[in-house]
Amino acid sequence: MTEKIMLIDGNSIVNRAFYGVPLLTNSAGQYTNGVYGFLNILFKLMDEEKPDYLAVAFDLHAPTFRHKEFGGYKGTRKGMPDELRTQMPLLKEMLQAMNIQTYEMEGYEADDILGTLSAKAEEQGVVPVVVSGDRDLLQLASETLKVRIPKTKGGRTETEDYYAKDVVEKYGVTPLEFIDVKALMGDASDNIPGVPGIGEKTAAKIIREYHDLENAIAHASEVKPKKAAENLAEFQAQARLSKFLATIIRDMPISLDKEGTKIGNMFNATAYDLVKRLELKSMFDRFEKDEVQTTQIQDFHGVYSFDEAKIFFQNLENKETAYIILMDESVCQGLALYQEDLGGVWLEVGEELTEEQFFALAKPFFSDDRFIKIGHDIKKDLKILGASIGEMPKISFDTAIGAYILNPTGSSYDYDDLAKTFLNQVFPSGEEVLGKGKSKKAFCILSEEERKNFAVTQAKVCFEAKKIMEKQLAENGQTELFYDIEMPLIYVLADMEEYGIKVDKEALLLYQKNLETSIDIITKEIFSLSGEEFNLNSPKQLGVILFEKLGLKGGKKTKTGYSTAADVLEKLKYEHPMVEKILYYRQLAKLKSTYADGLLAVMDEKTEKIYSTFNQTITATGRISSTEPNLQNIPVRLELGRELRKVFIPENREFCFLDADYSQIELRVLAHIAGDETLINAFRNNQDIHRLTASQVFHVPFDEVTSLQRSNAKAVNFGIVYGIGSFSLSQDLGISRKEAEQYIAAYFAKYPNIKKYLNETIQHATEEGYVSTLWNRRRAMPELQSNNFVQRSFGERVAMNMPIQGSAADIIKIAMVHVHKALKEGGYRSRLILQVHDELLIETYIEEREAVARILKENMEQAAELSVPLDVEVHEGNSWFEAK
DNA sequence: CAGTTCACG
DNA sequence: ACGTACGTGAACTGA
């Protein structure tokens, strides 16, 4: 039986579908008729063709390869109406949910993709059926290749089908001659000029007689009518160009992914959810057939003794193994494994296999990368295993990180999330295993046997999910991001967490004590001014005192009552002496509770060090975050808080700190991405960027910029990075909204490419449904589809900010991996201990400090090659305070 | 457990 | 006319 692949031109079909059915919206106000019509056509054709493979191709909105060769696309492409444009991301989401492979490639049109994939399919003995709304595709028709052109009328879909002979019958020319016809007649919508004065009829007549363009040109003088003959001779170069433009490319640099295009589970839970969300009621039936499956609990082969385990480990080589290490407190209970042909295995640590024996046997498995291991949240394993086997394990795939890269806005990435997201399975809850009345959290009271089953099942989920993730990462162009940045970074973070940072305990206690004294004094002063005692930490009680008892005028700002936030109080500072004292109290209280008390509470008593956790799967932009404690928000802006940094010190006198930070990394990234010459040149010439902006925005010579102008310009620069709004800028600067608008307008007038970039980013994000960084980190942008002004505006700001913040995050992550590697490979004793978004702190062995400073600066500045230089400043000191 | 405030980039 | 800057984490209050 020969196999068949159906190749669909996504753009032209959705277009036909859109115009073929009435404009529909769901109750959220999203237009849905294009998606609906597309699915109708798809299902009808699939029912008829019963293909084994399926792929949908889309245009990318960029000059095409062919037009580029001729100096770019001239003229404007017909834009889609908004009602259709907003449906494109929904359609792509739908196709992804249905596990349908999509193809698109910068510089090529959907036509070219279909042309290429159909050629590849034929080479592989798969019969292609090409589906398009566009007659250009007829040039692909052959004796075996069928082109289908569907048309939807009042909800009914009909198709015209063409093999080569049908083309000849209908148009009197062969499929290949069809190209020559088009070369003569041109096509306004595709920007193909053709020959003036030759239309469809004449072109067909000429080609029927002369068969191809060159022959027709050679016989130009014989062509009739006379006007056509003259024009053909005169515009023969244009005709040749037109032929080139009209020819579909059949050898693009892409490959046909047979595995990926194989028709899989289209009618799954995710797709059903989406169909429901879009309210495509007549589709419900099709999708309901296949409800979410419950993950089947895996049986396992048990390994309980030393001898069994010894033999067992040796047989795991060269095959992918998903593993889960089960720990109770710090004692290892056992190891759950899953392999394709082996199935589930449970290795139990117990009487016949001691923990010590287990780790000895597991050492080669974990430390040799001939054993290909898939883990989940491997950072915790690296720390446990690293300590137990005395060597850093090598794990090739972390499924939590994979899930995060594919969707950084997920709420969590547990095993049950993987099952749902990647396998359309609901992970059995404790309830199902244990019977009613017990929640999933009752996992710990599962019986021993059930617990092992669960662990093995989780390993299987990781194993299966990894396969799908790897495919999706490749489709998204995120393979490098994942394997070269995120995976290696796990090891860096694991080391950082393990080293921790030393604290001067005595100094911290003193700091705490001083704060306590100051807080006592200021509290008494406040109470004597207010005439009564109240809870100073309660905004509610404070509001009553300030705005009711003392009668200060503060507009209601929050849901619950008066706002007493710092910016509000700042404005009331001169109205009553208490206000300033409140602000001071707040400062002290923050420092004491969050920092002094907080840090002491998490300090390890034995080592007098603080061990933070660096989370790699939290932020929507690709930054890392730090918790318990958060070491990324240690005070620096105000002097009193900054003093706290004196308690962060090197481990002992053999070490000092080197602190390296990127200068203006986000603005540099913006200059690069937007390609703004003014900004690029400024960075190349190492100019003061805020001063430059000030001179541009306020129309004053560079050297005459006042410090107020400079600081205002700084706020404008920040605003640009955050997705500016005039209201917020006016609030920030304490100016009128009108003035703020003028600043912004002046900024965009001076930096037109920035404005252009920001607009294009929003446009692209709306069409594609996501934004990306320079290293293809992605964030989905569903907010842009919202009908709610607030939500949509938020989406627009996010779309502008994410590529900037995210690319900066990519850069420092690359730098961290490189610095870590250089320190390890160079045999240095110095180590990376902290990252604060644009800053790295290294605990440096004093004898190595010059070399390490060089390593830092070089690796950070060379982490990325942008059109502007990256600039890194390195400072040395005996505390974080001194080194900053 | 949501809301408010405030520390950082 | 919407209600307003992007990304975090922690402490605290008061339902």
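Note that the coordinates shown come from a computational prediction; the quantities given were computed from them, not determined experimentally.

Our next topic: the UniProt feature "domain: DNA-directed DNA polymerase family A palm" (unreviewed entry) in chain A. Mapped onto this structure's residue numbering, the UniProt feature "domain: DNA-directed DNA polymerase family A palm" (unreviewed entry) falls at residues 641-848. Note that residues 641-848 is 58% helix and 13% strand, and that its end C-alpha atoms are spaced 31 Å apart.

We now examine the confidence of the model for chain A. Across chain A, the average pLDDT comes to 89, with 94% of residues at or above 70. Segment residues 434-444: pLDDT under 50, and 17 contacts once partners within four positions in sequence are set aside and those in other chains are kept.

Bringing the sheet that holds strand S15 (residues 501-503) into the picture now. The strands that make up a sheet pair up through hydrogen bonds in the backbone, lying either parallel or antiparallel. Spatially, S16-S15-S19 is the arrangement adopted by the three strands of the open sheet, whose pairing is antiparallel. Only two strands of the sheet have a single neighbouring strand rather than two, namely strand S16 (609-610) and strand S19 (648-649).

The subject of this paragraph is the protein's contact with DNA strand B. Not every one of the 22 residues close to DNA strand B is listed here, only the nearest: Thr564, Lys590, Val636, Arg637 and Asp838. Between DNA strand B and the protein, one listed contact pairs a sugar or linking oxygen with a side-chain N or O atom of Tyr595 at 3.4 Å. Asn633 places a side-chain nitrogen or oxygen 2.9 Å from a base nitrogen of DNA strand B. No other element matches the three residues that helix H27 (residues 577-602) contributes to the surface near DNA strand B. Looking at the surface near DNA strand B residue by residue, the class counts come to eight nonpolar, eight polar and six charged.

Within the structure, DNA strand C sits among 34 residues, and Ser538, Lys540, Ser625, Glu628 and Asp732 are positioned closest to it. Of all DNA strand C atoms lying within 4 Å of any protein atom, the proportion belonging to sugar or phosphate reaches 65%. Residue Ser593 places a side-chain N or O atom 3.4 Å away from a sugar or linking oxygen belonging to DNA strand C. Asn630 places a polar side-chain atom, nitrogen or oxygen, 2.9 Å from a sugar or linking oxygen of DNA strand C. Only helix H25 (539-549), H27, strand S18 (625-627), helix H32 (707-722), helix H33 (726-733) and helix H36 (789-825) provide two or more residues apiece to the surface near DNA strand C. Considering each element in turn, the surface near DNA strand C owes the most residues, six residues, to H36. Residues that form the surface near DNA strand C fall into these classes: 10 nonpolar, 16 polar and eight charged.

Segmenting chain A into domains produces domain 1 (4-168 + 249-261), domain 2 (295-500), domain 3 (502-610) and domain 4 (676-803). Contacts between the two partners involve four residues from domain 1 and, on the opposite side, four residues from domain 2. Taking both sides of the interface into account, the surface hidden between domain 1 and domain 2 amounts to around 290 Å²; carbon and sulfur atoms contribute 26%. Taken together, domain 1 and domain 2 are joined by zero salt bridges. When the residues that make up the side of domain 1 that touches domain 2 are grouped by side-chain class, the tally is no nonpolar, four polar and no charged.

Scoring rules and cut-offs
- Residues numbered from 1 in each chain as written.
- Chains lettered and ligands numbered in written order.
- Predicted model: local features only at pLDDT ≥ 70, side-chain atom pairs only at ≥ 80, totals over all residues.
- Heavy atoms only, no water.
- UniProt positions renumbered as here; feature names shortened; annotations may be inferred.
- Helix = DSSP H or I, 4+ residues; strand = E, 2+ residues; numbered from the N terminus.
- pLDDT = per-residue confidence, 0-100.
- Contact = heavy atoms within 4.5 Å.
- Pairing = 2+ DSSP bridges.
- Near = heavy atom within 4 Å.
- Polar contact = N/O pair within 3.5 Å; in protein donor to acceptor, adjacent residues only side chain to side chain.
- Nonpolar A, V, L, I, M, F, W, Y, C, P; charged D, E, K, R; others polar.
- Domains from an automatic or database assignment.
- Buried area = accessible area lost by both parts, 1.4 Å probe.
- Salt bridge = Lys/Arg side-chain N within 4 Å of Asp/Glu carboxyl O.

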